Amino acid sequence: MAIYKRRYVPYTGSLTPEWARFFVTTRYAFAELFKSRFFVLLLILSLVPILLFAGYIFIANNKTLQLLLPTGPADMFSVESKFFTLIMIVQTQIAFLLNCWVGPVLIAGDLTNGALPLFLSRPFKRSDYVLGKLAVLVLLLSAITWVPCLLLFSLQAGLAGGGWMWSHLWMVVPILLCSAIWILTLSFISLAVSAWVKLRIVATGVIFIAFFIPAGLGEMFNSVMDTYWGRLLNFSEMFRLILAKAFREQSGILGSTRWNEIPIPAAWGVLISLCLLSLVILNARLRAREVVRG
Amino acid sequence: MMIPTIELNGLEVQLGGRTILHGLTGILKSRAIGLLGPNGAGKSTLINTLLGFHSPSKGSVRVLGLDSHTNGQALRPLVGYMPENDAFISKMSGVRFVRYMAEISGLPPAQAMERAHEAFVYVGLGEARYRPVGTYSLGMKQLAKLAQAIAHGPKVLILDEPTNGMDPPARKRLIELIREIREVSDICLLLSSHLLRDVEETCDEVLILRNGQIASICNLVEERRANRKFLELETIGAEQSFTSTLEGLGCECAVFSNGRIKVVMPDKVEIREVFKVALDNGVQIRRMNHRRDSLEDIFLNAMEQTGAVDGHI
């Protein structure tokens, strides 16, 4: 199909491996995202707290600087599990906001003008499509949650010495595990919403509603039935519960006094169920052709 | 032995609790196949089944020997699909959109970019390739859809109503492109259209659907070669005996409403014998048109018939 000949010529060149094609959608989605200045600004702002936390770690490990500061006792600068729990809380909340901005456009853009049949008529499965879009959110949210958290952990380990690292190495598991469940929950929910709602502003609203309305209903249920099981509908709280248990946190930094009421497996079950429900919605919605019943 | 382009083996498709395709059986061997039928005949359902979007409830369909349901992953790299409805990513530039689709088909990025540019120039949208697809006119969107369908060099090109919304010059250009693609490569073509002229100009064989059943499979090349004598009669008083007598002479008759009769005459029968039969049966011939067979006739004949037809006419 050379331009100068203006004739159709079949393609006879090499092909990329099938397993890697899902990443094409990821690459194109990132390219579209980075065209938006607002997104770039949002991404930079989401990393600002990491710089502040890094500064804190630096001060905590620098006695000279501590003496220069007009603050109280030097032992207020401690980098323990409470500190990393705080980092996780801050960054996962920022991840929620970033997800609300990025997630709604990922699938809706393809569905608005019926591009899905073009994807699915090629050697490209629905699972590849979902995986490609999921990778966008997973990579993006990882970049502002567990990756900087582990970098801060490394920074602290480097400044405090080997002894600190070995005694706190257990924290790597909760950092990875809690980030993973929260990133997957957020990603699946926003992809499911994106597959149903085409307008970004409405989809963003629906994501907020998906988190806050069930929480409100749960509290109502608790008041009426005089129980605490309604808190299962507060997904953010379920995540904080997992976070607190994983980081062995008893200091109340997570803002609740009734942490032991809901069993941890129930909290995990709620978040995993949310992911599965989102997958069911995606499965129902991501079809090359819609079938009208009746 | 040559592999048929499309092989239908009792294909039945149910959607939403309704049977859309009723046990289609037939073999289409030509490289350019037209798919005809009125609205709701099942053309799009058949195309969607060929693409693996719908699963057969019974039977199977093979494209180039590959079962569309059980061997879909092997079939899809061979297919280029131009859907009937809007199918694009509106914010992307035309060339980027085609490159994206080519990469999804497995082309490496550099080759996908090259092929996207070539495809855009080839379909005549070279000047508009950097504009967002959402800003294209309807005709340009059709061409962009064709570009994405051919960019990865498919073996089977499935075009669903490709000339929809195009003005006559654009339609003519697109039909020329389709014919050229067919002629200069070994690509197989399946073109679904409600415009008989589009199919007649581009296809060698037609599959006519009606109410989810095969009304006719007709090899246009053979029909053209046969160049049969064709009479269109407008009669008064024509009874069953009139057509029976003509059929006794070796003619094929199709009776339509208001006394219209179409007669295909064998070489040995002269027109004067038709007049003689009419005189004998007391039939008035008010108008007679002598013409050769056309796709329109084949289509109308298929539409008038009752019940499903398996095989060729």
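Keep in mind that what you see is a predicted model, and the values were worked out from it rather than measured.

1. Observations concerning the overall build of chain B
Logical step 1: When you go through chain B residue by residue, the secondary structure sums to eleven helices and 14 strands.
Logical step 2: If one aligns the C-alpha atoms of chain B with their principal axes, the spans along those axes are about 75 × 45 × 40 Å.
Logical step 3: In chain B, buried positions account for 48% of the 313 residues.
Logical step 4: Across chain B, every contact between residues at least 6 apart in sequence was considered, and the portion connecting residues at least 24 apart equals 68%.

2. Points about the overall build of chain A
Logical step 1: Broken down by element type, chain A carries twelve helices and zero strands.
Logical step 2: Overall, chain A shows an N-to-C arrangement of helices and strands of α-α-α-α-α-α-α-α-α-α-α-α.
Logical step 3: Dimensions of chain A, computed from the C-alpha atoms along their principal axes, are close to 80 × 55 × 30 Å.
Logical step 4: Residues classed as buried in chain A amount to 36% of the 294 residues present.

3. Some thoughts on the sheet that holds strand E10 (residues 213–219) of chain B
Residues and elements named next belong to chain B.
Logical step 1: In space, the six strands of this open sheet follow the order E6-E7-E8-E3-E9-E10, with mixed pairing throughout. A single partner strand is all that each edge strand has here, and the edge strands are strand E6 (79–82) and E10. Each strand axis lies, on average, 15° off the axis of its neighbour in the sheet, ignoring direction.
Logical step 2: As paired strands, E6 and strand E7 (residues 156–160) are joined by four bridges and run parallel to one another. Bridged to Gly80 within E7 is Leu157.
Logical step 3: Contacts from helix H1 (residues 43–50) reach strand E3 (32–36), E7, strand E8 (188–192) and strand E9 (205–210) within the one sheet, and its direction differs from that of E7 by about 150°.

4. Describing the domain arrangement of chain B
Bring the parts together and some accessible area is lost; that lost area is often taken as the interface size.
Logical step 1: Splitting chain B by domain gives domain 1 (6–223) and domain 2 (228–292).
Logical step 2: One C-alpha centre belongs to domain 1 of chain B, the other to domain 2 of chain B, and the line joining them spans 40 Å.

5. A short note on the interface of chain B and chain A
Logical step 1: Contacts between chain B and chain A engage 42 residues on the former and 35 residues on the latter.
Logical step 2: Residue assignment for the side of chain B that touches chain A shows that the elements contributing at least two residues are E6, helix H3 (94–104), helix H4 (109–122), helix H5 (138–150) and helix H6 (168–184) of chain B.
Logical step 3: Per-element accounting of the side of chain B that touches chain A gives the leading share, seven residues, to H4(B).
Logical step 4: Of the residues assigned to the side of chain B that touches chain A, the class counts are 21 nonpolar, 15 polar and six charged.

6. Some words on the sheet that holds strand E2 (residues 18–28) of chain B
Residue and element names in this part refer to chain B.
Logical step 1: Pairing in this open sheet of four strands is antiparallel, and the strands run E2-E1-E4-E5 from one edge to the other. Whereas interior strands pair on both sides, the edge strands pair on one side only; in this sheet they are E2 and strand E5 (66–67).
Logical step 2: Bridging between strand E1 (residues 6–15) and E2 involves seven bridges; their strand directions are antiparallel. Note on E2: the bridge partner recorded for Gln14 is Thr19.
Logical step 3: Where H1 meets the sheet, it contacts E1, E2 and strand E4 (58–63), and its direction lies at approximately 110° from that of E1.

7. With respect to the packing of helix H7 (residues 146–160) of chain A against helix H9 (residues 172–196) of chain A
Residues and elements named next belong to chain A.
Logical step 1: In the contact formed by H7 and H9, the axes pass within 10 Å of each other and the chain directions differ by 170°. Comparing their axes, H9 and H7 come out roughly antiparallel. Between H7 and H9, the residues in contact are Trp146, Cys149, Leu150 and Phe153 and Val172, Ile175, Leu176 and Ser179, respectively.
Logical step 2: Counted by class, the contact of H7 with H9 contains seven nonpolar, one polar and no charged residues.

8. Some thoughts on the packing of helix H6 (residues 126–144) of chain A against H9(A)
For any two helices packed against each other, the geometry comes down to the angle between their axes and how far apart the axes lie.
All names here are of chain A.
Logical step 1: Direction vectors running N to C along H6 and H9 enclose 135°, while the axes themselves pass 10 Å from each other. As the angle between them shows, H6 and H9 are arranged oblique. Two packed elements cross with a definite hand, and for H6 against H9 that hand is right-handed. On H9, the residues touching Val130, Lys133, Leu134, Leu137, Val138, Leu141 and Ser142 of H6 are Ile183, Leu186, Ser187, Ser190 and Leu191.
Logical step 2: When the residues that make up the contact of H6 with H9 are grouped by side-chain class, the tally is eight nonpolar, three polar and one charged.

9. Points about the environment of Val206(B)
All names here are of chain B.
Logical step 1: Relative to the assigned elements, Val206 resides in strand E9.
Logical step 2: Once the C-alpha coordinates of Val206 and Ala41 are considered, the two residues, 165 residues apart in sequence, prove to be 14 Å apart.
Logical step 3: Non-local contacts of Val206, meaning those with residues more than four positions away in its chain, are made with Gly34, Leu36, Val199, Cys218, Leu220 and Leu295.

10. Description of H4(B)
Residue and element names in this part refer to chain B.
Logical step 1: The end-to-end C-alpha distance of H4, which contains 14 residues, comes to 20 Å, matching closely the 20 Å that a straight helix rising 1.5 Å per residue would cover.
Logical step 2: Turning to H4, its buried residues are Gln111, Ala112, Glu114, Arg115, Ala116, Glu118, Ala119, Phe120 and Tyr122.
Logical step 3: Elements that come into contact with the buried residues of H4 comprise H3 and H5.
Logical step 4: One or two residues past the end of H4 sits Gly124, with phi positive at roughly 90°.

11. Description of unusual backbone geometry
Residue and element names in this part refer to chain B.
Logical step 1: Positioned with a positive phi, Glu161 is a non-glycine residue whose angle comes to about 45°.
Logical step 2: Structurally, the position occupied by Glu161 is in the loop between E7 and H6.
Logical step 3: Owing to 20 C-beta atoms within 10 Å, Glu161 belongs among the buried residues under this scheme.
Logical step 4: The phi dihedral of Asn211 is positive, around 50°, even though this residue is not glycine.
Logical step 5: Relative to the elements of secondary structure, Asn211 occurs in the loop between E9 and E10.

12. Regarding the pairing of E7(B)
Residue and element names in this part refer to chain B.
Logical step 1: Most of E7 sits out of view: five of its five residues are buried.
Logical step 2: Two strands pair when backbone bridges link them, and E7 and E8 are joined in this way by five bridges, in the parallel orientation. Opposite Leu159, over in E8, you have Leu191 as the bridge partner.
Logical step 3: As for the winding sense of the linkage, the β-α-β connection from E7 through H6 to E8 is right-handed.

13. Things to note about the nonpolar core
All names here are of chain B.
Logical step 1: Within the largest apolar cluster, 150 residues are counted, with the highest numbers of intra-cluster contacts made by Val98, Ala147 and Ile158.
Logical step 2: Among all residues touching Val98, those that are not within four sequence positions of it are Ala116, Ala119, Phe120, Ala147, Gln148 and Ala151.
Logical step 3: Membership of the second largest hydrophobic core comes to 13 residues, among which are Phe242, Ile261, Val274 and Val283.

14. Description of helix H10 (residues 200–225) of chain A
Residues and elements named next belong to chain A.
Logical step 1: In this model H10 runs 37 Å from its N-terminal to its C-terminal C-alpha over 26 residues, within 8% of the 38 Å that 1.5 Å per residue would give.
Logical step 2: Bending of H10 peaks at approximately 30° at the position of Ile209.
Logical step 3: Burial in H10 covers these residues: Ala203, Thr204, Val206 and Ile207.
Logical step 4: Where H10 is buried, its residues meet helix H4 (81–112) and H9.
Logical step 5: Just beyond H10, the residue with positive phi is Asp226, at close to 55°.

Conventions and cut-offs
Residues numbered from 1 in each chain as written. Chains lettered and ligands numbered in written order. Predicted model: local features only at pLDDT ≥ 70, side-chain atom pairs only at ≥ 80, totals over all residues. Helix = DSSP H or I, 4+ residues; strand = E, 2+ residues; numbered from the N terminus. Buried ≥ 20, exposed ≤ 12 C-beta atoms within 10 Å, placed from the backbone. Contact = placed C-beta atoms within 7 Å. Pairing = 2+ DSSP bridges. Axes fitted to C-alpha atoms, helices over the stretch in contact; angles between N-to-C directions. Domains from an automatic or database assignment. Nonpolar A, V, L, I, M, F, W, Y, C, P; charged D, E, K, R; others polar. Parallel < 35°, antiparallel > 145°, perpendicular 65-115°, else oblique. Left-handed = near helix turned anticlockwise from the far one by under 90°. Expected span 1.5 Å × (residues − 1). Right-handed = clockwise from strand over helix to strand, strands pointing away. Core = buried A, V, L, I, M, F, W, Y, C linked by C-beta atoms within 7 Å. Bend = angle between axes of the 7 residues up to and from the residue.

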